[in-house]
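The residues making up each chain are set out below.
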Amino acid sequence: MFHSNLTARRALALVAVPALLVTGCLGGGDDDAKAPAEKPSAEAEKSSEPKPEPVKFSELPDACKTVPKKTIEDIVPEAENEKGKNLKSKDTDSYTSCLWSGLDEYDYRSLFVSLRRYDSVLDVGSGDDRAARSATSEVEKITGDKANKKVEEKALKDLGDEATTIGFDTEEKGDDGGDYRNQRVVARTANVVVVVDYSGTGFEDADNPKADEIRKGAEKAAEQVVAAVK
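Residue positions are given per chain, counting from 1 as you read along its sequence in written order. Where totals are concerned, whole chains, interfaces and linings use all residues; where local detail is concerned, this predicted model gives features only for residues with pLDDT of at least 70, and gives and counts side-chain atom pairs only at 80 or more. As a rule here, side-chain values come from all non-hydrogen atoms in the structure, and water together with hydrogens is ignored.

A. Molecular detail of the sheet that holds strand E4 (residues 149-155). Strand pairing requires that DSSP identify at least two bridges connecting the strands. Each helix corresponds to a stretch of at least 4 residues labelled H or I by DSSP, and each strand to a stretch of at least 2 residues labelled E; elements are numbered beginning at the N terminus. Strand order in this open sheet of seven strands is E1-E2-E3-E7-E6-E5-E4, and the pairing throughout is antiparallel. The open sheet has two free edges, formed respectively by strand E1 (85-86) and E4, since each of these has just one partner strand. Most of the contacts of helix H4 (residues 127-143) go to strand E6 (residues 178-189), to which it runs at about 165°, and overall it touches E4, strand E5 (162-172), E6 and strand E7 (192-202). It only takes one pair of heavy atoms within 4.5 Å for two residues to be counted as in contact. A fitted line through C-alpha atoms serves as each axis, taken over the contacting stretch for helices, and the angle formed by two N-to-C directions is quoted from 0 to 180°.

Rendered as structure tokens:
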């Protein structure tokens, strides 16, 4: 009788051990399931935030160094300063400009060059898109001004990503007034907009420059300015 009861107790013990192991494993699983999920690190959250689209150009050249001295001698004879007058900007990384002007006897010429750079801004647009909108606006400032006469607009090929050349005449009032021949070239290269304004007149009895002369001078300068953007 005693032997029989001992055998039965051993059998119950052997059955109980696996049951405890199973219960322990299940218990551990329940604890893991109840554990709070690990929060992403601040660095991981930051890396998942949307970022502005990268831009091609992160800086601008000095506008006064974009047009070679030889070109200035050709299109602005007797320039007051062949190095140009740098028109100061608070942020030269996004805007720079330069002015050359000269009076050769009674023939007056002026060249104004500006470069504006755009970064990408979330919910506003990429640098390229913002520059494209700016270029359109610079063209419309001339074509939409009723004071400008004989306006001729034309697309320019092989100059940046897009470019427009506009010829027009203006009449200045005052002692130094007169009829001016003008040409504006607006060119966009990626996220940078280049604007070149070239104009001329003849004081006293001097003849005004030919429209074709002003156009060629402006387009030549524009090609050199765009090439200087790197």
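Now that the structure has been shown, we can carry on.
B. Spotlight on the state of the cysteines. Our working definition of a disulfide is a cysteine sulfur pair at a distance within 2.5 Å. Across all of its chains, the model carries one disulfide by this definition. Residue Cys64 pairs covalently with Cys98 via a disulfide, S to S 2.0 Å. Classification of the bridge connecting Cys64 and Cys98 rests on its S-S torsion, roughly 95°, and on that basis the disulfide is right-handed. Placement of the pair is Cys64 in the loop between helix H2 (42-48) and helix H3 (69-75) and Cys98 in strand E2 (residues 95-104), with a sequence separation of 34 residues. Accessibility assignment for this pair places Cys64 and Cys98 in one class, buried. Only protein chains enter the accessibility calculation, which uses a 1.4 Å probe; a residue is then buried when its area is under 20% of its type maximum, exposed when over 50%, and partly exposed in between.

C. Representation of unusual backbone geometry. A positive phi is found at Lys150, a non-glycine position, where the angle reads about 50°. For Lys150, a relative accessible area of 64% gives the class exposed. Phi at Asp158 takes a positive value of approximately 60°, unusual for a residue other than glycine. Relative to the helices and strands, Asp158 resides in the loop between E4 and E5.

D. Molecular detail of helix H5 (residues 211-228). Multiply 1.5 Å by the residue count of a helix minus one, and that product is the helix's expected span. Compared with an ideal rise of 1.5 Å per residue, which puts 18 residues at 26 Å, H5 spans 26 Å between its outermost C-alpha atoms and is within 8% of the ideal. Taken together, the buried positions of H5 are occupied by Ile214, Gly217, Ala218, Glu219, Ala221, Ala222, Val225 and Val226. Summarising the contacts, the buried residues of H5 are in contact with H3, strand E3 (107-117), E5, E6 and E7.

E. Representation of a negative patch on the surface in the model. Only residues whose relative accessible area exceeds 30% and that take part in no salt bridge are eligible for patches, with like-charged residues grouped when within 9 Å of each other and nonpolar side chains (Val, Leu, Ile, Met, Phe, Trp, Tyr) grouped when within 5 Å. Methods summary: accessible areas were calculated by the Shrake-Rupley approach with a probe of 1.4 Å, and residue burial reflects only the protein chains presented. Within this document, salt bridges are pairs made up of a side-chain nitrogen of Lys or Arg and a carboxyl oxygen of Asp or Glu, the two lying within 4 Å of each other. Counting rule for charge: Lys and Arg are taken as positive, Asp and Glu as negative, and neither His nor the chain ends is counted. Each charge is placed at NZ for Lys, CZ for Arg, CG for Asp and CD for Glu. On the surface, Glu78, Asp104, Glu105, Asp107, Glu204, Asp205 and Asp207 cluster together into a negatively charged patch. Mapped onto the elements of the fold, Asp107 is located in strand E3. Under the relative-accessibility criterion, Asp107 is labelled partly exposed at 31%.

F. The arrangement of the packing of aromatic side chains in detail. We call Phe, Tyr and Trp rings a pair once their centres come within 6.5 Å, taking the six-membered ring for Trp, and we label the pair stacked below 30 degrees between planes, edge-to-face above 60, and tilted otherwise. This structure, assessed with the given rule, holds two aromatic pairs. Relative to Tyr180, the ring of Tyr108 lies with its centre 6.4 Å away and its plane at 80°, an arrangement referred to as edge-to-face. Taken together, the positions of Tyr108 in strand E3 and Tyr180 in strand E6 put the pair 72 residues apart, joining distant regions of the chain. Looking at Tyr108, the relative accessible area reads 22%, which means it is partly exposed. Look at Tyr108 and Phe203: their rings are 5.9 Å apart centre to centre, the planes differ by 40°, and that puts the pair in the tilted class. With Tyr108 in strand E3 and Phe203 in the loop between E7 and H5, this residue pair connects regions lying 95 residues apart in the sequence. Members of the aromatic cluster, joined through ring pairs, are Tyr108, Tyr180 and Phe203.

By themselves, these observations are geometric and do not establish any function.
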